[in-house]
Every structure is written in C-alpha cells, then in structure tokens.
Protein chains: 4
Amino acid sequence: MPRLAFLGPQATFAQQALLSLPESRDAELLPYAGSTAALAAVRSGEADAACVPFENSVEGGVPAVLDSLVCDPPLVIVREVLLAVEFAVMVRPGTTAADVRTVASHPHGEAQTRHWLAANLPAAEVKMSSSTAEAAAQVARGEVDAAVAAPLAARTHGLTILAEDVADNAAAVTRFVLVCPPGPPPAPTSVDRTTLAATTENRPGALLSVLTELAVRDIDLTRIESRPIKGLRNEYWFHLDCTGHVAQPAMGEALAALHRRCLRVRYLGSYPRALEPANGISATADKVAGLGDARPRSLEPVNGNSPEPVNGNSADRFVAAARWLDGVRAGSQA
Amino acid sequence: MPRLAFLGPQATFAQQALLSLPESRDAELLPYAGSTAALAAVRSGEADAACVPFENSVEGGVPAVLDSLVCDPPLVIVREVLLAVEFAVMVRPGTTAADVRTVASHPHGEAQTRHWLAANLPAAEVKMSSSTAEAAAQVARGEVDAAVAAPLAARTHGLTILAEDVADNAAAVTRFVLVCPPGPPPAPTSVDRTTLAATTENRPGALLSVLTELAVRDIDLTRIESRPIKGLRNEYWFHLDCTGHVAQPAMGEALAALHRRCLRVRYLGSYPRALEPANGISATADKVAGLGDARPRSLEPVNGNSPEPVNGNSADRFVAAARWLDGVRAGSQA
Amino acid sequence: MPRLAFLGPQATFAQQALLSLPESRDAELLPYAGSTAALAAVRSGEADAACVPFENSVEGGVPAVLDSLVCDPPLVIVREVLLAVEFAVMVRPGTTAADVRTVASHPHGEAQTRHWLAANLPAAEVKMSSSTAEAAAQVARGEVDAAVAAPLAARTHGLTILAEDVADNAAAVTRFVLVCPPGPPPAPTSVDRTTLAATTENRPGALLSVLTELAVRDIDLTRIESRPIKGLRNEYWFHLDCTGHVAQPAMGEALAALHRRCLRVRYLGSYPRALEPANGISATADKVAGLGDARPRSLEPVNGNSPEPVNGNSADRFVAAARWLDGVRAGSQA
Amino acid sequence: MPRLAFLGPQATFAQQALLSLPESRDAELLPYAGSTAALAAVRSGEADAACVPFENSVEGGVPAVLDSLVCDPPLVIVREVLLAVEFAVMVRPGTTAADVRTVASHPHGEAQTRHWLAANLPAAEVKMSSSTAEAAAQVARGEVDAAVAAPLAARTHGLTILAEDVADNAAAVTRFVLVCPPGPPPAPTSVDRTTLAATTENRPGALLSVLTELAVRDIDLTRIESRPIKGLRNEYWFHLDCTGHVAQPAMGEALAALHRRCLRVRYLGSYPRALEPANGISATADKVAGLGDARPRSLEPVNGNSPEPVNGNSADRFVAAARWLDGVRAGSQA
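The structure displayed is predicted, hence computed values, not measured ones.

Parameters at a glance
Residues numbered from 1 in each chain as written. Chains lettered and ligands numbered in written order. Predicted model: local features only at pLDDT ≥ 70, side-chain atom pairs only at ≥ 80, totals over all residues. Heavy atoms only, no water. Helix = DSSP H or I, 4+ residues; strand = E, 2+ residues; numbered from the N terminus. Buried < 20%, exposed > 50% of the residue type's maximum accessible area, 1.4 Å probe, protein only. Contact = heavy atoms within 4.5 Å. Areas by Shrake-Rupley, 256 points an atom, 1.4 Å probe, with all protein chains shown as cover. Disulfide = S-S within 2.5 Å. Axes fitted to C-alpha atoms, helices over the stretch in contact; angles between N-to-C directions. Parallel < 35°, antiparallel > 145°, perpendicular 65-115°, else oblique. Left-handed = near helix turned anticlockwise from the far one by under 90°. Nonpolar A, V, L, I, M, F, W, Y, C, P; charged D, E, K, R; others polar. Salt bridge = Lys/Arg side-chain N within 4 Å of Asp/Glu carboxyl O. Pairing = 2+ DSSP bridges. pLDDT = per-residue confidence, 0-100.

What about the overall build of chain A?
No. 1: When its secondary structure is counted, chain A shows ten helices and 15 strands.
No. 2: The burial tally for chain A puts 62% of its 334 residues in the buried class.
No. 3: A separation threshold of at least 6 residues defines the contact pool for chain A, and within that pool the share at least 24 residues apart is 80%.
No. 4: Total accessible area computed for chain A in this model is approximately 11800 Å², and 53% of it derives from carbon and sulfur atoms.

So this is what it looks like as structure tokens:
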C-alpha cells in the first residue's frame, strides 16, 4: 500500500488536495508537521510521495517548498491540483453564534476573514493557532468556542458549521503538487507543464539569455520567481513554470541548453496541467507551518563556478547536457 | 513635524528600520496594524510616509505590500533599509529559564526558533500571537512567561533578555522601504535602484520583450517576481528591481518603452541602494499581519485592453510615454 | 536651374530613372562617367543632386555607390525609382538583321541576351563596350552594325530598333536613388524607407544587437548587406534598408540607439518608398562603369575604437546621440 | 584522374586559386566560360569539382555563384582560397611602352587601373574584352598591343610584363571556393567556416529570429548578405558565413533549428577557413563572365509556404530537422 505524506495535521487543504487524486485511493495518508518535513519523508523513503502547497494566488510561491526542491536532494513533481481556499466558521454541536466568546484560527485565516468576524462575531476574542486544522482541534477539545478553518476540518473533528464562505474576498486558489523521487515522468498529454529552476552567472542579461533559450523554442512561461540563494548575497534561483513536457523535443533541447548555459539547473518535473479547482471539499493551506525549516544545502553549481564566463556551447557541454537530459527523461538524474 | 507610519505594533522590525533612517528624527512615528493599513494612511494623508517590509531573504517578496503598490493609488519608494532579523527570548525581570511554562511568538518566529526551544525550553508550551511584538506585550501583561521577539521589544516592554540570537539558522535579512506619495525622486547617487511593475499581454515572449527593453539599454535586473493579478486568471504582474535611476537617460528611455509596450506599468521609485544591514537593534518582520488586507483594485490597464496586439512603437504611444516619463521624473504621475 | 548629375553617358537607365522624376523638369542633366564621379560632383557643388543605381534585383547592391555613401563625405537619399531593365537590339536606319556582322554591348548586356543573340544573330561577332549607351554610340558612328542597349539609346542616337525585349530572362529591376547634400528629409508619407549603414565591434552578437535595437521598436528590415571595410580585415559595414521615417519617434530612438551602440553609423536618408517600376522608357543600368573608383576613405569611427566594449547606454552617449539625431532630422549632420 | 572545372579561360585568377590547392595536382583542369557553367559541369558529372569566385573585398558577393548555389541542385563548398588581385600590363616580346597604341582589358580591370593608364600610357586607346585573360590572348594574336591582366596570363600566352602592380588602389582580395557534389565534409580543424543560406517568412523580426538561433549557440557571423529571390517580389535569401563546423554540436543544433524555423535553408558546406591570401602568382577574377547565366530555379520552400506562421518547434519539425541534419553530416542531403 503506497504511503503518501501531506502537510498536516489532519483536515488541511493539502489533505483535501491529496484526496482529490486517484493516487490517494488504497493509500496510507501520513500527516507531517510541515511541507519540508513531508518532502523529507519522501527523500528518506518513509513515504512514497508527498502532497504540499506550491503557489497561492494571493501570496505567491510557497518559500519552504520552492527552497527544498532546489536545495535538498532531487524530487520531481508528478501531479498538480488546484483548490479554491474556502473558510467556514465551526463550533461544537449545540453552540450558537451568541455563545461564541473566543475564535481561533491561523493568522492567514484570521487575516482573510477579519471583516466578516468584526461584523458577525464582534464580541469574540480572536486567538492564533499554528494551523486552521489545529484551531478546529482546539474547538473539539473545548479550548475555544469557534474556529475559522476548512470545511473538512469540521467533518474530521465532529464540529458543526455555523457559517460558510466567510472569506472577505473572493477565494484565493492554492496549487498543490504531488512530489516523488526522480523517475520517469507521466506520459505527455496535450496540456502539460514543466517546472524547473536555474541559477545564472551574476551579470547583466543572464536571465534574458535563459528566457531566450525558451523563447526561441516557443516555450511559454507561466510563472517566474526569483528566490535568493541562501548564503550567497545577490544570487538568485529563478523558478520557472513552462508550458510543455520534457518528452517533447523542444523542451528537451531547451533543458539541455539551460544545462549548458546555467550555473545550476534543477528539472522539477513534467506533468498534466490542472485547469480548474478540484473542490468540492476544501482544506486549509497552512503553508506557514513549513516555513523556515531550512536545512544544509548543496550550493555546488552544475557547471562549476569559475570566474570566466560559461561557454554554454562547447562540445563537452553538449555531451554533458545530452547525458543529463537522457537521465532526466529516464528518471534517473543524479 | 512629519508623521511616519510603520507596520506596528510598537517594537517591530519595521519600527527599527524606520529608526535607522535620518527621516525618523523629529518625526512622529505611528504604528499601524498591517502594511496595507500603513500604506493607506499615506494615501489618505494621515501620514507623510510609511515604512513597510518589502522582501525577505527567506520568504521572498511581501505579498500585501507588492499588491498594494500596484493595485491601489500610486506611491513611490524613496529609501530602502536592510535589517538582519534577530530573535531573542525575553521574560519579565526575575523570571529564570526554569520558570518558563509558556512561550509566545508569531508562527514565523516559532518556526525559526523551533530547535532552540526544543533544546532549551523543552517543557514550555508554545502559544501563537498575532505578532512577535504582541507576544512581548503578552509577557508584560503576565499572560505568558516568555516571548520570542525582537530585542527592541524587550526594551519597549521593560522585559529582560534571557537568550539572544536564538534563530535555528543564520539570520534572514529583511528589506524595508520608505514609501511616499508621488514626488520628485531622491537625487541619483552612484548606486541606485529603480523598482517597477508591469503587466503584459498574455502571449508567449511577452516577458522576454520586457526584459529585452531593459537589456538593450544595459539595465540589470536584481529581482523579478510574477504575482497573479487578482481576479484575472493566468495574468501576472511582473515586479522588477533594476540597477539605475529614473533620471538617467537609459532608465528613462527604458521606462518609456515599457510604457508603450506593456498593458500596465507602475513606476515604484528610484532611490539609493542599501548595501549592508542597518542593525544594531532589530525588530520583528511581522509581515504576516499585513496579508489579506486586499481592497478593491483598479485593473484598467494603461494601454487599453484591446484584442489586437499592442503596437508599442506607434507615434502616439511615444508621445504618451514621454509625457508619462516627464511626470514620473517630476513626481507628478497620475 | 538645378543641375542634376547622373551615371552617363547619355541614354543610360540612370538618365531614364532621372527623367521619371518631377525634379528633372527644368533641370540641367549632367552625365558623369561613373556613379562615384556623379556623387563626387554633388559633394563638390558641381551638381545639386545625383541619380545613381543602388541595387539590382539580379546583381544585388551596387558596390561603388554603397561604398561611396559610407566612406566619402555625407550625402543623403531623398528619392528612389524602380526601373525594369529592358534590352533592345538597335541598328542604323536601313540595316536589316541579315546585314549585322558585329554586335556591341556591355558585358552585362551581352550576358543577359546571349541566348537570344545565338538564336537570332548567330553569325554576328560580339564586341564589348564600356556601356550599352556607348555601344549604341558606336553603331551611330558606324564602328559596329548593331548594339544591345536601352530603347532610350536608340532615340538618343537616331537608331532603329530591330528587336525589343531580347533579354533571355524576365527583366531585372534596378533601384535608382536621387542623392543630395545633407538637408531636411522629405516629409513623411505613409510608406517610407530609411537607409542607414553601421559598423560594430568585431565580436559575436554585435550584429544581433543592432537588429534588436530595430526589432524592439518594430522597425522592419527590407534589405541587409555586409560590405567589407576597405583596409580593415574582417570588419564590415552593415547596410540596412528599414521601413519608416526618421521623423517618427521609433525610428529616431532607434537611430539614436545605434549611434550609441555602434562604432560608426551613417544615416543615409528617409524618403518615400517606390512600389512599382517607373518604366515606360527604360535605360541601361551601366552600373559597372562606377565600380572600382574607390578613393581615400575616412575610417575614424563615430564612437572611438577603444579595446573596451562600447557602453552604448552611458549618459554622455545619450547626449551625443540625441544631438546627432537632432542634426540628422534638421539635415545638418556633421 | 580527377577533373576540376574552373572559371576560364586559361590564366584566370580562378585557375590560379585552383593551382594553389593540393587537389589540383594530378588533376585535369577544365576551363568553363562562366561560374555558372563550371558549377553546372559538377552537377552533370562532367567535372568532380569547380573552383569559382565567391566574394570580392571590393565588389562583395558574386551574384551568379550565390544564386546558383541556392537555386540549382545542391553543391557544397569543401575548400576556400583567398587571392590578392594583382594586375600587370603585358605585351608581345619586343614591344615597348612607346609602341602601345591599344590596351585591352575587362571593364573591371580597366576601372581598377584607370589612373595608372592615364598617367603611363596616355596615348593608348582602351578596348574592352570579355575577360582579362581574353585581353592577353588578343595581345598574343596581335589584335591589340597590350593587356591589363593577371601575371599568370603573360606566362600562359608567352607575353612580356611591361609593368607590375598597376592597380590604382591597394589590391582587392577575392575569395574562391572549391565546390563538390554533396558528400561528407572535410574533418573539423580548429578554424572552420560554415556557409549556409536561408529564406524566412516575410514578416518583421524574421531575420532577427534566425540570427538569434545562431547567437544563443555562440556562433559568430562573418558575412551576411540578402539577395532577392528571383520571381518573388520582396523576398530574400539570406546568405550567411558562420564560424564553426557542422560536426560540432552547437552548429548542428543551430542548423536543425534553422531547418525548423525557415521557409528554405541550404547548407553550403563546412571547411577550413583561409586566413591569408595564397598568392604568389595571381590571376584575374573575371567574375563578370558568370553573371546573368540564370536558369530555371526551384522555389519550393523546405517548409511549405502556408499562410500560417511556421511553428518551428513542433515535434514533427524536430524529427524532420534531425533527419535532414543527419543527411547533411553524412553528405547525402536530398
């Protein structure tokens, strides 16, 4: 029976995202106390895959996940799920709005429902929890009267939903990814995404030259984000989501070109692109719990770090890049 | 006496950043309950400027600030400050480590000191607060025994520092910015930064063409981040930090070119680049408090939103762009 | 009365091109024994303008004209004319095909009518002349029996046309230009052309960067040709024809950018684009007569020739380029 | 015994270029009356290779050769030779300068020695010949008194050299190429050249995208020339000389990319680059004799000619391009 890690505790949005995938049937679902911990479980073999948040339409990329994917031993994305983030107010059975003196939530949940709470539960004191799922657990244990959390959390903890859809603004959408050890990618569909990250020499035009490698091959970018490289002042990982699949020649050639040109490049997977949110039942993003779990990182670039400009078109670079690409396609990258 | 808003409450890192600036002398410092609220105070005239977090070396750009700067009425950055984020454990005078049964912090503070707490205060229960400064206030009020917060918070609340530098990893650095209503930029120095944001047509190569406008004029990018445009699926603001100053011809021509080419462009200021952290006394980042305060946003692009490709080189675009650039340089952009 | 030079002798295609222009009415037409000589007459003030061949659809750019325009003191193109090159066989009145023992032509005329001559005048000996117009003059003087020349030459020399349209292949088209001393360009029309030439540093990507300056401003190239710089091994002038007019902001900014970026740049005029051949009566191209009249050339680049890469975006380059562009637009370039 | 064609007649610069090559030893040398005829002899099997002029430092590319290489059945360049063009005045033995009443030369030779002739043989009438070698033959036959021709022509025709180095300007250099039927290219050396030609869709930026394919792979251009496509108004062949060899991965990938992106592409050979003129004895360029020998041309583009933009990165294009590249490398291109 496959063991699938997720960003816990029970009843998080990550769990809900995982439950929407066929991979979760007949699998053992294992909650972890942070995205980094869930990814570490895959690396150690404790779990076969992990479902973690990757990007949120309000808050952007999830730093702990982005950083772990480029700094720790390689993992690849094999699936993505979009979930609209829905918040509900939940209480123990029998509690009414008039009874609510304390409301718990994660700071993100509180921030996104502040106006609703001020208008509808003006007398209640707001308490912070480490996750919205934990807030629901606190209600179940009688520590607070109400929680702002994902509807799934009510079901999990035997609570009653007092009000649904209490977010002050239209729902944010969170993108979750299912991450595995390196292996062959899912077969191409007509609508795929390839995720990768790269670092370049710290000189003008370096990023432009990376994007040109994609553009000359008609590969479109759907997301770009620079993330500081820990410990290296003024150097960045560029995280890129692209249209297409590593099995396609254009994407293969582009990856090989980046391998030649960049100081470091991480292929992070080719997988079917999710076009619509999978809800149904939603769960809390809880992404903050995973922040800051940084661990020692390998900073050794793929292409050495000499003071000379990289000659990304030397014949040995072509050989090395082709070998690397073969490995990427076979799922056996070092 | 100038009134300077900052991301509060008292004793945050934002306040500390503000105190490191000459502008804070003889000024009235006004704490606000979120970065968005601090920026709104500048827009409404309640404050003359605001000091808010912009980017963190671990967590990346601060979403609420980035979003407010592009979506709400224009403001410009006139200063930046780097601060290394230092955490201390603080208690009421007389409390010893053995006395500590409860420790409060913001979830970010907790996440970054988790291993230290497990090793050094293993018996203490950890409670969440809405900010590290609030955690220190809770200690002062006797609600908890200890707080993980900025050293400044100890001074503000009359607490004793039990342990310094308790972060599990080397300190993150946060970049704070001082933001004003549009006006003439600070005079160029030899090391300036220009911050801007733009949206493009949603087609392959659109970002590349933006970066090419910069690259042909030898302007270097120091940060790039795509942020989803709220309410528009698959459209992004590209946030860019560049080397150089709007008063320089190359930067001026590049901005004018982006004004012609992009659907929307926001000039967000030219200002001296901070090269080293300003600490001394540090303060909590508290960036989470500002999340989610989204307000109605203007999505009307500068250049209309017609189905035809933008002709960024038509003569009327040149006229409009030159007029806009004059306004930007004069500090009177609409 | 304006004096207009042309590539002579009388009855050349260049004269015919000139006659198709309104500028030729009430003007004195002066034949010169080569395109270079005609251009020199404009520089010395002997003539107010010169009509010379610029490009031929079979043979490409006319080297002597291209070289003179970039190497000798500045001149600018103010008009262009397209002419289809038609050849006729002409004799003295009374001569019949059976009487023709000798046929004269310029080697180009001979080459383009060789099959016709072999089929129709198989017994005639072919003699070479210095131009097709001179061949017609030789017929008039009784030195040969027939000439392959432009129909205009028959009229000029009182000859009878024995056969028209004797070219072995569909007619080539030659583009002639009317060249003046620097001065304000003709007013923009909706369909203009701008001609320029530039030299770059001898390094990879230099030409690409020139073309990028045009492309980012949506300026299209209609012709490109590299010509070796005399005396400089492996260095080239790039001759470019572009769509648009120097009075347009995009073209102005592009020219200014090239002025900053290139070692040398020559603006060679903005003028209405000819879309159709002007014939009617045609005249011989005779372009070869102008070849090889090279004269001492100034090789001093606009932007110095230092070993360091050119910083085309320095502020002083912007100032110098703007001043130059003002001069170009005012017609007073140095 | 190999049969090697050259641009004749006997004693041309092309013959001299051929004699400087080891391939000419033990070979039968066959003069042809034009470069196009020499190339046709290779296509028909009459000759195994042909030596023809390709580019002249004064006059640029040789149109008839460029056009034949892209329009007629494929041939490839396997060698190049540079020759400085030297002119001598030659007479029958016993003739003195004072005896010279008539001087013959090709119009190019006359143009390049005009000032010398005016100064040194002012009384002599100048006659035109179809080649400088033919002018020397006319001297030998007693038809004229002197010829301006290549020194080799004096030896060939038993003439005496009256004056050497009579060109008015420093010698032009002509580049000759040895052309064969498609076959494996010469082995790479450290300094090679690859010649190719391509046509693109007639839209802005098309040429830029071709050059970008080269630049992203660090391939340098040494020559570019646009040549009108006969019969297609406003469409051009771009002729390119590049550094590097088709056997190198970067050049291979670039050629494959051009094959995907362009309407038509012709690989014209990879061969060692000549760095210095091979003279010794020089010979006349006589390139004009080959002009105008145009023949019916295939205009069918490699990639169809649909109204839709070419998708140069589709998977089938990759397959087709890879197959084509294999053929190019194996010397069996269709």
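On we go from here.
Digging into the state of the cysteines
No. 1: On inspection of all chains with the given rule, the structure shows zero disulfides over all chains.
No. 2: The thiol sulfur of Cys51(B) is not disulfide-bonded, and the nearest other cysteine sulfur, from Cys180(B), lies at 11 Å.

So, the packing of helix H8 (residues 206–215) of chain D against helix H9 (residues 249–261) of chain D
Residues and elements named next belong to chain D.
No. 1: Closest axis-to-axis distance for the H8/H9 pair is 9 Å, and the angle between their directions is 160°. Between H8 and H9, the angle falls in the class roughly antiparallel. When the axes of H8 and H9 are compared, the crossing they make is right-handed. For the pair H8 and H9, contact is made by Ser 209, Val 210, Glu 213 and Leu 214 and by Ala 254, Ala 257, Leu 258 and Arg 261, respectively.
No. 2: Per-class residue counts for the contact of H8 with H9 are five nonpolar, one polar and two charged.

Some remarks on the pattern of salt bridges
No. 1: One pass over the full model with this rule turns up 72 salt bridges over all chains.
No. 2: Salt-bridge contacts for Asp67(A) lead to Arg227(A); the nearest nitrogen and oxygen are separated by 2.6 Å. Placement of the pair is Asp67(A) in helix H3 (residues 63–71) and Arg227(A) in strand E13 (residues 221–228), with a sequence separation of 160 residues. Both residues of the pair, Asp67(A) and Arg227(A), belong to the buried class.
No. 3: Taking the shortest distance from any N to any O, the salt bridge between Arg217(B) and Glu253(C) comes out at 2.9 Å. With Arg217(B) in the loop between helix H7 (206–215) and strand E13 (221–228) and Glu253(C) in helix H9 (residues 249–261), this residue pair bridges two chains.
No. 4: When its relative accessible area of 1% is taken as the criterion, Arg217(B) is described as buried.
No. 5: When salt bridges with common partners are traced through the structure, they connect Glu55(A), Glu80(A), Arg175(A), Arg193(A), Arg223(A), Glu225(A) and Asp241(A) into a single cluster.

What to know about the pairing of strand E14 (residues 236–243) of chain B
Residues and elements named next belong to chain B.
No. 1: Among the eight residues in E14, seven count as buried, and that is most of the element.
No. 2: Looking at chain direction, strand E12 (residues 192–199) and E14 are connected through six bridges and run antiparallel. Counted as the bridge partner of Thr 194 is Cys 242 from E14.
No. 3: Where E13 lies against E14, seven bridges are found, and the strand directions are antiparallel. Residue pairing in the sheet places Arg 227 in a bridge with Trp 237 of E14.

Describing the pairing of strand E15 (residues 264–272) of chain A
Residue and element names in this part refer to chain A.
No. 1: Burial of E15 is extensive: eight of the nine residues sit out of reach of the surface.
No. 2: One ladder, built from seven bridges, connects strand E12 (residues 192–199) with E15; its direction is antiparallel. When the sheet's bridge partners are listed, Leu 196 is paired in E15 with Tyr 267.

What about the confidence of the model for chain A?
No. 1: Looking at chain A, pLDDT values average 81 and 81% of them are 70 or higher.
No. 2: Considering only residues more than four positions removed or in separate chains, one finds that residues 280–307 of chain A, a stretch of pLDDT under 50, has 94 contacts.

Notes on the environment of Val191(C)
Residues and elements named next belong to chain C.
No. 1: Following the sequence through the fold, Val 191 ends up in the loop between strand E11 (173–180) and strand E12 (192–199).
No. 2: On the basis of relative accessible area, Val 191 is assigned to the partly exposed category, the value being 34%.
No. 3: Taking the C-alpha atoms as reference, Val 191 lies 22 Å from Val 52; in sequence the two are 139 residues apart.
No. 4: Excluding anything up to four places from it in sequence, Val 191 contacts Pro 272, Arg 273 and Leu 275.

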